[in-house]
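# Results of the structural survey
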Amino acid sequence: MSDIVLETRGLTKRYGGVHALEDADFVLRKGEHVAVVGDNGAGKSTFVRQVTAVEQRTAGEIIFDGQPVHFAGPLDARQAGIETVFQTLALADDLDVPSNLFLGREIFKWKLGPFSWLDRKTMRDRTLEALKTTAVKIPNVDNPIRNMSGGQRQCVSIARTAAFASKLVIMDEPTAALGVQETAQVENIIRGLKDRGVPLILISHNLRQVFDLVDRIVVFRRGRIVANLRRDQTDGNDIVSYITGVKGGAENAA
Amino acid sequence: MAEASSHGLGGLKYDPAKRTRAPEWNVFFALVGIVLVFELLNRLQGGSFLFNMRDNVDAIFNQQRLDIMILQVAIIGIIALGVTQVIIIGGIDLSSGSVVGVTAMVTMSFAQTAMVNGNPNPKAIFGEWAMDLPVIVPIVIGLACGLIAGLINGLLVAYTKIPPFIATLGVMVSARGAAKWWSNGQPVSFPTESYGQLANGDLLGSVTFGLLSWDGQNPAVIFVVLAILFHVIMTYTLYGKRCYAIGSNEAAARMSGINVDRHKVLVYVIAGLLAAVAAVLLTSKNLTAQAGMGVMYELDAIAMAVIGGVSLAGGRGSIIGTVLGAAIFSVIISGFTSVKLDAYYQEMVKGAIIVGAVVLDQWRQRRSARS
Ligand SMILES: Nc1ncnc2c1ncn2[C@@H]1O[C@H](COP(=O)(O)OP(=O)(O)OP(=O)(O)O)[C@@H](O)[C@H]1O
Ligand SMILES: [Mg+2]
């Protein structure tokens, strides 16, 4: 068995004439945490949307867990073990915390197609457990999340991902909307994933955070991967020059 | 800092004062208030609204007015139960009134009796074979009508991606046309005895509350049973959870693996079925069907839902809210009748209620966005 969790070969996405993602070759190994950085519009979220099958790729191959995959949609990807925090929050404002955590994977008392009876107590208990292990504290999980702060909502989203994490976690700018303390909390969740050996793709504009957390940094520029560097073999200035295009040709980490 | 960190590692703040009282309570208080206002207005004119006290001592309630209101709430309320679900998923159904019309015509054609007072049925649509059928036949045919209409709505909305407003507007116009075409605009009348009993009978037997007796209670009983059924479904089952999720954030629902399109079709089908139930009860009550039946019921039903706190933006509202909204709607309408406004004023008032309810909804949305 190879130790590669996720590999993309020549992954390409075009929106009409917009070449959002060109020929991306990407590798993620077991237990590895990799950051994806790049300017606004560089194609980072596009990359995530292809891997998670939120959109269908124009060309290229995705190999997950040793198998070439063609997920029909995000649910497929999730069932295969890819948990994602999307950049645009994928939460339902009018539902409470347990309903959001279990959206699309509800637990039932008994099953009867769409009229299956929800096991609300179990879902609520597991939600409290999940929030405990992730150190996210939300005093009243039974309120619609509409009434919660941006940071709390983001934490719900991240708790959902961390709680169900199995084979791969992807986070697209998880701390973009968060204050200093909430950011620290999310970073703790990420360290927890590292300890549990769950591989992670972290998209972030925060280079301090990237250098604190990950093993390897991949730089996107104008839809292409322009650098792939081990954290201990690079520094902030180096990364910035790749992001801005001062340095260009692709270099590869070992 | 100390204060914030008391809430957890991340210093998440949470204001328990923002815990909301169930909004249905507000609707309930509004209902009580409106009843009292009309009671007062009637007393000032020397009459009474819902409560009899002086001259009419054989009942506490004004039976006649109450009967009319209950019937109105029940039949349009059944439609509103479906409309509520459609609005919660972020849609709208303008077709329900016309679906009542066409379903009424078709259903009644299979509910006719052969002989009326010893003469052949003068309004017969079909031949002998369609006369005096068991009552289950017109019921099933009626439900099938509603199902087909709902299916058309649902498929249009889910798969052509045209706005629900337009899709159901088209069905509204076409269904009304079909209702008129069915018998060239002629009414269809003289149903079998058992068909007439559907709405005029009494499932609960003879019910009296003190001095008040309650006959022809079936529509109200059926409404209550359906309301409880859908309250349970919306609150405790996956179906309800999906409705709220879709109305709240359709993209998130899709991303969570909910088959949004299929669910939408199901919701519109259920709304169509409920409109058909209303059509069966309405024709049974009146012992006749006319192509113009149910005109504007869709707006009444939407108004009931919106008054009851169902947000046109989707995601928010409840069956209980709609039941209370239906009661308020009916109280206001008969309230204005009771203070002797003529029919034209009533329609104008109705229009104002509908607009007012939507303004209220917008206001509620803005307020909750701010908080
Ligand atoms: N659905 C779409 N249709 C057309 N163009 C799109 C679409 N989605 C993304 N793009 C374009 O693709 C490019 C890459 O977008 P993407 O969202 O991947 O950027 P990003 O690297 O995630 O940026 P950010 O840091 O701002 O999140 C952008 O130029 C964007 O405008
Ligand atoms: Mg992005």
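Residues numbered from 1 in each chain as written. Chains lettered and ligands numbered in written order. Predicted model: local features only at pLDDT ≥ 70, side-chain atom pairs only at ≥ 80, totals over all residues. Heavy atoms only, no water.

### Digging into the overall build of chain B
To keep things clear, this is the line we draw: A run of H or I in DSSP becomes a helix once it reaches four residues, and a run of E becomes a strand once it reaches two; helices and strands are each numbered from the N terminus. For every residue, the accessible area obtained with a 1.4 Å probe (protein chains only) is divided by the maximum for its type, and the residue is called buried under 20%, exposed over 50%, and partly exposed between those limits. Contacts are assigned to residue pairs with any non-hydrogen atoms lying within 4.5 Å of each other. Only the protein chains shown count as covering a residue, and every accessible area follows the Shrake-Rupley method with a 1.4 Å probe.
The helix and strand tally for chain B stands at 14 helices and 6 strands. Of all 371 residues assigned to chain B, the portion counted as buried reaches 51%. Taking contacts inside chain B between residues at least 6 apart in sequence as the whole, the part at least 24 apart equals 71%. Summing over all exposed atoms, chain B offers an accessible surface of approximately 16700 Å²; the carbon and sulfur share of this is 67%.

### Here's the deal with the overall build of chain A
Here is the rule: Restricting the calculation to C-alpha atoms gives the radius of gyration, and the globule rule supplies 2.2 Å times the number of residues raised to the power 0.38. When charges are counted, Lys and Arg contribute as positive and Asp and Glu as negative, whereas His and the chain ends are disregarded. To locate a charge, take NZ of a lysine, CZ of an arginine, CG of an aspartate or CD of a glutamate.
Looking only at helices and strands, one finds 8 helices and 12 strands in chain A. Since a compact globule built from 254 residues should have a radius of gyration of about 18 Å, the 19 Å found for chain A is in line with a globular shape. Overall, the C-alpha framework of chain A stretches about 55 × 40 × 40 Å when taken along its three principal axes. Counting all 254 residues of chain A, 56% fall into the buried class. The long-range fraction of contacts in chain A, counting pairs at least 24 apart against all pairs at least 6 apart in sequence, stands at 64%. For chain A, the exposed surface amounts to about 10800 Å²; the carbon and sulfur share of it is 49%. The distance from the centre of the 33 positive side-chain charges to the centre of the 31 negative ones in chain A is 3 Å.

### Concerning the site of ligand 1
Residue and element names in this part refer to chain A. Put simply, the test is: A cutoff of 4 Å decides nearness: a residue is near a molecule or strand if any of its heavy atoms lies inside that distance of it. Whenever two N or O atoms come within 3.5 Å, that pair is a polar contact, provided that in protein one can donate a hydrogen and the other can accept it, and provided that, for residues adjacent in sequence, both atoms are side-chain atoms.
Taken together, 14 residues lie around ligand 1, and Asn40, Gly41, Lys44, Ser45 and Thr46 are the ones closest in. Within the contact set of ligand 1, an oxygen atom lies 3.1 Å away from a backbone nitrogen or oxygen of alanine 42. For ligand 1, an oxygen atom lies 2.9 Å from a polar atom in the side chain of histidine 205. In isolation ligand 1 exposes 630 Å². Once the protein is present, 64% of that is buried. With 4 residues, the single largest contributor to the shell around ligand 1 is helix H1 (residues 44-51).

### Some details on the confidence of the model for chain B
Interpretation of the predicted coordinates at a detailed level should be avoided for regions scoring low in pLDDT. Spelled out, the test is: Each residue carries a pLDDT score, the predictor's confidence in it, ranging from 0 to 100.
In this model, chain B carries a mean pLDDT of 86, and residues with pLDDT of at least 70 account for 89%. Considering only residues more than four positions removed or in separate chains, one finds that residues 1-18 of chain B, a stretch of pLDDT under 50, has 36 contacts.

### Description of the sheet that holds strand E9 (residues 168-172) of chain A
All names here are of chain A. What counts is decided by this rule: Only strands that DSSP links by at least two bridges are regarded as paired with each other. Fitted lines through C-alpha atoms give the axes, limited to the stretch in contact for helices. The angle between two N-to-C directions lies from 0 to 180 degrees.
Taken together, 6 strands build an open sheet; the order of strands is E6-E9-E10-E3-E11-E12 and the sheet is mixed. Among the strands making up the open sheet, the edge pair consists of strand E6 (82-85) and strand E12 (224-230). Adjacent strand axes in the sheet meet at a mean angle of 15° when their direction is disregarded. In the packing of helix H8 (residues 236-244) onto the sheet, contacts are made with strand E3 (33-38), strand E11 (216-221) and E12, and the angle to E11 comes to roughly 25°.

### Description of the sheet that holds strand E4 (residues 59-64) of chain A
Residue and element names in this part refer to chain A. Spatial ordering of the open sheet is given by E2-E1-E4-E5, a layout of 4 strands whose pairing is antiparallel. With one partner strand each, in any of the chains shown, strand E2 (18-29) and strand E5 (67-68) form the two edges of the open sheet. Bridge count for strand E1 (residues 4-15) against E4 is 5 bridges, and the pairing is antiparallel. Bridging from a neighbouring strand, glutamate 7 pairs with isoleucine 63 of E4.

### Some points on the packing of aromatic side chains
Describing an aromatic ring pair means giving the distance of the ring centres and the angle of the ring planes. The test is simple: Note on aromatic pairs: the rings of Phe, Tyr and Trp (six-membered ring only in Trp) are paired at centre separations within 6.5 Å, and the planes decide the class, stacked below 30 degrees, edge-to-face beyond 60, tilted for the rest. Working rule: Lys NZ or Arg CZ, within 6 Å of ring centre, within 35 degrees of ring normal, means a charge sits over the ring.
Going through the model one piece at a time under the given rule, you end up with 14 aromatic pairs over all chains. Feature note: the residues Phe110(B), Phe126(B), Trp129(B), Trp181(B) and Trp182(B) constitute an aromatic cluster, connected by ring pairs. When the ring centre of Phe164(A) is taken as reference, the NZ or CZ atom of Arg105(A) above it lies at 3.7 Å.

### A word on unusual backbone geometry
With a phi close to 60°, Asp65(A) is a non-glycine residue in the positive phi region. Take Asp65(A): it is sitting in the loop between E4 and E5. The exposure class of Asp65(A) is partly exposed, given its relative accessible area of 36%. Despite not being glycine, Met296(B) shows a phi value in the positive range, around 75°. Counting through the fold element by element, Met296(B) comes out in the loop between strand E6 (288-289) and helix H12 (297-307).

### Considerations on the side chain of Glu22(A)
Residue and element names in this part refer to chain A. For glutamate 22, the position within the fold is in strand E2. Overall, the relative accessible area of 13% leaves glutamate 22 in the buried class. Looking at glutamate 22, its side chain comes within polar contact range of the side chain of arginine 14, at 3.3 Å. Discounting chain neighbours no more than four positions away, the residues touching glutamate 22 are Leu11, Thr12, Arg14, Gly223 and Arg224.

### Quick word on helix H5 (residues 136-160) of chain B
All names here are of chain B. Selection criterion: To estimate how far a helix should reach, multiply one less than its number of residues by 1.5 Å.
In a regular helix each residue adds 1.5 Å, so 25 residues correspond to 36 Å; H5 covers 35 Å between its end C-alpha atoms and thus fits that length. Listing the buried residues of H5 in full gives Pro138, Gly142, Cys145, Gly146, Ala149, Gly150, Asn153, Gly154, Val157 and Ala158. Lysine 161, located one to two residues past H5, shows a positive phi value of around 60°.

### Quick notes on the pairing of E4(A)
Residues and elements named next belong to chain A. Pairing of E4 with E5, which is carried by 2 bridges, proceeds in the antiparallel orientation. Note that in E5 the partner of phenylalanine 64 across the bridge is glutamine 67. Remark: 2 residues form the turn of the hairpin made by E4 and E5, two consecutive strands paired antiparallel; aspartate 65 in that turn has positive phi of roughly 60°.

### A closer look at the pattern of salt bridges
The cut-off we apply is this: Within this document, salt bridges are pairs made up of a side-chain nitrogen of Lys or Arg and a carboxyl oxygen of Asp or Glu, the two lying within 4 Å of each other.
By the definition in use, this model includes 24 salt bridges over all chains. Between Arg316(B) and Asp94(A) there is a salt bridge, with its nearest N and O atoms 3.4 Å apart. With Arg316(B) in the loop between H12 and helix H13 (319-338) and Asp94(A) in the loop between E6 and helix H3 (97-101), this residue pair bridges two chains. Exposure remark for Arg316(B): the relative accessible area of 23% places this residue in the partly exposed category. Asp261(B) is paired through a salt bridge with Arg254(B); the nearest N and O atoms lie 3.6 Å apart. Of the residues examined, Arg254(B) reaches a relative accessible area of 33% and is grouped as partly exposed. What you see here is one network of salt bridges that share partners, running through Lys161(B), Glu250(B), Arg254(B), Asp261(B) and Lys264(B).

### Describing the pairing of E1(A)
All names here are of chain A. Bridge analysis of E1 against E2 gives 8 bridges, and the strand direction is antiparallel. The residue bridging arginine 14 from the neighbouring strand is histidine 19, located in E2. Hairpin connection, E1 to E2: the antiparallel pair is bridged by 2 residues, and glycine 16 has positive phi, about 60°.

### Topic: the environment of Val355(B)
Counting through the fold element by element, Val355(B) comes out in helix H14 (residues 343-370). Taking the C-alpha atoms as reference points, Val355(B) and Ala303(B), separated by 52 residues in sequence, lie 8.5 Å from one another.

### Quick notes on a nonpolar patch on the surface
What counts here: Nonpolar side chains (Val, Leu, Ile, Met, Phe, Trp, Tyr) are joined into patches within 5 Å and like charges within 9 Å, using only residues with over 30% relative accessible area and no salt bridge.
Together, Leu147(B), Ile148(B), Leu151(B), Ile152(B), Leu155(B) and Tyr159(B) line one region of the surface with nonpolar side chains, adding up to about 530 Å² of accessible area. Structurally, Ile148(B) is set in helix H5.

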